[in-house]
Amino acid sequence: MPAVSPVPDSSSPKELLRAESLFCERDERVLFEDLDFTVSQGEIIQIEGPNGSGKTTLLRILSGLSGAYEGELFWKGEAISSARIDFLSNLLYLGHKPGVKAILTPVENLRALMGMRQSITDKQIHEALKKVGLYGYEDTPCHNLSAGQHRRVSLARLYLSNDALWVLDEAFTAIDKAGVKALENLLEQRAEQGGTVILTTHHELQLKKGFRKITLGQKQNIQSAELLEESA
Amino acid sequence: MSTPSLFRVFATVLKRDLTLAYRRRQDLVNPMIFFVIVVSLFPLGVSPEKTFLQEAGAGVVWVAALLATLLSLDSLFRSDYEDGSLEQLILTPQPLFLIVLAKILSHWLVTGVPLLILSPVLGVMMHLEFETIKILMLTLLLGTPVLSLIGAIGAALTVGLKSGGVLISLLILPLYIPILIFGTGTVQAASNMLPIDGYIALMGAIFALSLTLSPIAAAAALRISLSN
């Protein structure tokens with residue numbers, strides 16, 4: 001077990017997000033029903049399932065973008081609608097569409113994206129870009145970058161973020177092998193520091209520590225969340 | 001983690017949108033060209049008579065400004081929606097109406113203000129007197145922000161649709177009628193040497209109303225558009 005908090009704490013890991021009997025239907029097709037799970041501090045959770053099984057929909061519901069669901073969501077034990085500001089101040093959501101403007105440079109993009117959430121200096125931005133391998137591309141408009149580099153601009157936000165919960169939708173898309181490795185390391189490091197990550201990916205995660213999987217099936221009901229205690 | 005002040009957030013969004021507008025400046029010329037073309041075709045199509053143009057001039061300039069703004073509205077949230085930036089804007093802990101207000105201000109600066117600057121030239125072309133042109137500019141100064149503010153509600157409601165162009169006009173045009181009537185009415189009254197204080201006060205009231213309410217309405221509309 002990693003040493004999460006410096007304060008000796010005997011209680012179970014702090015619960016961040018809890019879902020109770022979530023139900024979502026789309027185009028008269030039930031994506032999931034009676035979905036219950038708890039996300040605690042320091043956990044990495046992978047949501048998996050075939051294409052069209054509702055992974056993105058679930059992430060959009062969890063991050064509060066979509067209201068098309070039934071059931072309850074709790075943030076630190078409080079109903080998410082009443083804890084909305086605290087929830088949003090602790091959430092970093094990287095969507096399917098990365099939110100990177102093609103006609104802005106990486107620096108301008110990050111300044112705009114992060115500047116709305118926290119005070120940030122240009123030095124921090126440059127360091128983050130260096131970490132995702134975009135050194136030398138700081139002032140190139142993003143439409144001149146490759147798909148993977150484009151994606152890396154949004155991933156640079158992870159190096160700038162202090163948010164307690166990361167929700168990453170297909171974060172590994174278009175990233176090369178070395179990039180995937182670096183990202184996996186980052187996620188592990190993050191979890192060790194007490195950060196929480198919920199992600200979807202079709203990539204087989206190679207994490208040293210255990211992580212949980214929530215499997216969304218096409219058989220309309222969800223297979224219960226299973227705990228994988230795998231060791232590499 | 002230090003959260004930036006509301007003003008900083010407002011300035012960040014405004015700066016971002018103005019940079020975007022500057023990088024795409026050829027798109028910005030469209031509404032202006034449209035504005036100039038409509039007004040300059042009018043004398044050719046109807047009558048180049050001085051008395052007629054003096055009477056109709058203010059109305060023509062106003063209608064052209066209104067249509068030019070309408071033309072530019074669809075792009076207000078569209079590109080942000082398509083590349084996912086809108087999701088990021090909605091997920092900031094800051095109040096969304098403030099961000100929307102910054103976007104509207106940037107829209108007004110890049111479409112409303114150029115129309116305002118062009119209007120005296122077109123006024124001269126319509127044989128308007130100097131005093132009347134001053135009043136026309138005053139009404140446009142109060143009116144074009146209203147056009148951007150109210151239009152933002154329509155743009156926010158239709159951003160999730162594949163082609164919102166027609167719908168936005170249908171939704172927004174009825175809401176544009178009051179400001180159009182008072183805008184042209186003011187200039188008409190001024191050229192007939194009637195007092196215009198009442199008109200200006202009413203336009204100011206419409207401006208204040210839309211300034212306070214439409215960012216909130218547009219923010220709510222954006223949430224709805226994104227939630228499906």
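Treat the numbers as computed from the prediction; the structure is a model and nothing was measured.

Parameters and conventions
- Residues numbered from 1 in each chain as written.
- Chains lettered and ligands numbered in written order.
- Predicted model: local features only at pLDDT ≥ 70, side-chain atom pairs only at ≥ 80, totals over all residues.
- Helix = DSSP H or I, 4+ residues; strand = E, 2+ residues; numbered from the N terminus.
- Rg over C-alpha atoms; globule rule 2.2 N^0.38 Å.
- Buried ≥ 20, exposed ≤ 12 C-beta atoms within 10 Å, placed from the backbone.
- Contact = placed C-beta atoms within 7 Å.
- Pairing = 2+ DSSP bridges.
- Right-handed = clockwise from strand over helix to strand, strands pointing away.
- pLDDT = per-residue confidence, 0-100.
- Axes fitted to C-alpha atoms, helices over the stretch in contact; angles between N-to-C directions.

J.: Explanation requested: the overall build of chain B in the structure shown.
T.: If you tally the helices and strands in chain B, you get nine helices and zero strands. When its helices and strands are written in sequence order, chain B yields α-α-α-α-α-α-α-α-α. Computed over its C-alpha atoms, the radius of gyration of chain B comes to 18 Å, within 12% of the 17 Å expected for a compact globule of 228 residues. With the principal axes as the frame, chain B shows a C-alpha extent of 65 × 35 × 30 Å. Within chain B, the fraction of its 228 residues that count as buried is 44%. Relative to all contacts within chain B whose residues are 6 or more apart in sequence, the contacts with residues 24 or more apart total 81%.

J.: Mind showing me how you'd approach the pairing of strand β8 (residues 196–200) of chain A here?
T.: Residues and elements named next belong to chain A. Of all the five residues making up β8, five are buried; the element is thus mostly covered by neighbouring parts of the structure. Here β8 shows two buried faces, one formed by Thr196, Ile198 and Thr200 and the other by Val197 and Leu199. Two elements, strand β3 (residues 44–48) and β8, share four bridges in a ladder whose sense is parallel. Its bridge partner lying in β8, isoleucine 47 is registered against threonine 200. Where strand β7 (residues 165–169) and β8 come together, five bridges link them in parallel fashion. In the strand pairing of β8, aspartate 169 is matched with threonine 200. Following the backbone out of β7, through helix α6 (residues 177–192) and into the adjacent parallel β8, one traces a crossover that is right-handed.

J.: Before we go on, may I ask you to explain the environment of serine 40 of chain A in this structure?
T.: All names here are of chain A. Its location among the elements puts serine 40 in strand β2 (residues 29–40). Serine 40 sits in the partly exposed class, given 16 other C-beta atoms within 10 Å. In sequence terms serine 40 and arginine 117 are 77 residues apart; their C-alpha atoms lie 23 Å from each other.

J.: So what exactly am I meant to see when it comes to the confidence of the model for chain B here?
T.: A low pLDDT means the predicted coordinates there should not be read in detail. Scored by pLDDT, chain B has a mean of 92; 99% of the residues are at 70 or more. Complex prediction metrics read pTM 0.89 and ipTM 0.83.

J.: Help me understand the sheet that holds β2 of chain A in this model?
T.: Within a sheet, neighbouring strands are paired by backbone hydrogen bonds and run either parallel or antiparallel to one another. Residues and elements named next belong to chain A. Across the sheet, which stays open at both edges, the four strands sit in the order β2-β1-β4-β5 with antiparallel pairing between neighbours. Edge strands, defined here as strands with exactly one partner in the open sheet, are β2 and β5 (78–79). The pairing of strand β1 (residues 15–26) with β2 spans eight bridges and is antiparallel. Bridge pairing in β2 places leucine 22 opposite leucine 35. Here helix α1 (residues 55–62) sits on the sheet in contact with β1 and β2, set at roughly 130° to β1.

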